[in-house]
Amino acid sequence: MQVTTKGIVLTSIKYGDTSLIVRIFTESDGLKSYLLRGILATKKGKVKKALFQPLTQLELVATHRNKGSLESVKEAKLYYHYQDLHTNIVKNAMALFLAEMLANSIHEEEANPELFHFLEAALQWLDIHTETSNFHLYFLILLTKYLGFYPDVNNMDASYFDLLEGEFVATTSLNPILSGKNLLFFKSFLGINFDTINTIKMRKNNRQELLQSLVLYYELHLQGFRKPKSLAVLNEVFG
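For clarity, every value in this text was computed on a predicted model and none was experimentally measured.

Draft legend 1. Structural view of the packing of helix H1 (residues 89–105) against helix H2 (residues 113–128). Relative to each other, H1 and H2 sit at 165 degrees, their axes nearing to 11 Å. Here H1 is positioned roughly antiparallel relative to H2, judged by the angle of their axes. By crossing handedness, the relation of H1 to H2 is classed as right-handed. For the pair H1 and H2, contact is made by Lys91, Met94 and Leu102 and by Leu119, Leu126, Asp127 and Ile128, respectively.

Draft legend 2. Here's a closer look at the nonpolar core. The biggest cluster of nonpolar side chains holds 59 residues, and the ones touching the most others in it are Leu55, Leu119, Phe135 and Phe139. Broken down by secondary-structure element, the contributors of at least two residues to this core are strand S1 (2–15), H1, H2, helix H3 (135–147), helix H4 (180–189), helix H5 (204–221) and helix H6 (231–237). Per-element accounting of this core gives the leading share, nine residues, to H1. Excluding residues within four positions of it along the chain, Leu119 makes contact with Ile8, Phe25, Gln57, Leu102, Ile106, Phe139 and Leu143. Grouped together as the second largest cluster of nonpolar side chains are 15 residues, Leu20, Leu36, Val47 and Val73 included.

Draft legend 3. Highlighting the sheet that holds S1. The strand order S3-S2-S1-S4-S5 describes an open sheet built from five strands, whose pairing is antiparallel. Only two strands of the sheet have a single neighbouring strand rather than two, namely strand S3 (30–36) and strand S5 (72–78). Ignoring strand direction, the axes of neighbouring strands in this sheet form an average angle of 40 degrees. The pairing of strand S2 (residues 19–26) with S3 spans seven bridges and is antiparallel.

Draft legend 4. Quick look at the pairing of S2. Along S2, six of the eight residues are buried, which leaves the element largely enclosed by surrounding structure. Inspection of the sheet shows S1 paired to S2 by eight bridges, in the antiparallel sense. The residue of S2 that forms the bridge with Tyr15 is Ser19. The antiparallel hairpin formed by S1 and S2 contains three residues in its connecting segment, where Gly16 sits at a positive phi of about 65 degrees.

Calculation rules
Every chain's residues receive numbers from 1 upward, in the order its sequence appears when written. This being a predicted model, a pLDDT of at least 70 is required before a residue's local features are given, and a value of 80 or more before pairs of side-chain atoms are given or counted; all residues contribute to the totals for chains, interfaces and linings. Note that the side-chain values use all heavy atoms of the structure and ignore hydrogens as well as water. To define axes, lines are fitted to C-alpha atoms, for helices over the stretch in contact only, and angles between the resulting N-to-C directions are given on a 0 to 180 degree scale. Put simply, DSSP H or I for four residues or longer makes a helix, DSSP E for two residues or longer makes a strand, and each gets a number counted from the N terminus. Convention used here: angles under 35 degrees read as roughly parallel, angles over 145 as roughly antiparallel, angles from 65 to 115 as roughly perpendicular, and any remaining angle as oblique. By definition, any crossing whose near helix is turned counterclockwise from its far helix by less than a right angle is left-handed, and any crossing with a clockwise turn is right-handed. For this analysis, residues touch if any pair of their heavy atoms sits within 4.5 Å. Among the buried residues, those of types Ala, Val, Leu, Ile, Met, Phe, Trp, Tyr and Cys that are joined through side-chain atoms within 4.5 Å form a nonpolar core. With a 1.4 Å probe rolled over the protein chains alone, any residue whose accessible area is under 20% of its type maximum counts as buried; one over 50% counts as exposed, and the rest are partly exposed. Two strands qualify as a pair provided DSSP detects at least 2 bridges between them.

In structure tokens form, the structure reads like this:
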């Protein structure tokens, strides 16, 4: 079946000498994997390799057989032109990290329009704003709402947040927890919006510690989740 759909690129892996396998989160069918035959060997085709950088927002004309095998792309073009997401060194490091987090978190081959529209709007916000130090933290917290493990915001006055149970608790257990400053920063991100994330003032080490805890939160709640290799790079470029 031929489909015209928006899609957000998650990963792109070289296959053989001339081809790419790309994983794209599509608006029409959720996560799809495509084999782009010969794309590295020619510059004349309708589908250009430069279009498949992480988090690029595309309009695709694709063939979906929906048999669990690799699909094919007939045409691809940008439907949103990023201003500096791929050229600004800090934003690009963040984009690589978030693309890896998404690739490790999203596995469903079925439409999820709410998640798609969240990703679409959030990435466009990141592209056009300059004060983005806290973007990845808020993004990862908000993403859990669409993945099914958003924090239970009852008992927010409690002294700890249990990462395994996903709730605020009065006493510690053997489960990993958030406490102290990290807990306060975590609470401050709940219930705000992207336009107010810069009101939360954090030091580099606090930002890194909270990010480590959020990655652990994903590990605890998503079966088979792998810690992103790009996390170390992000911490180097950006705290």
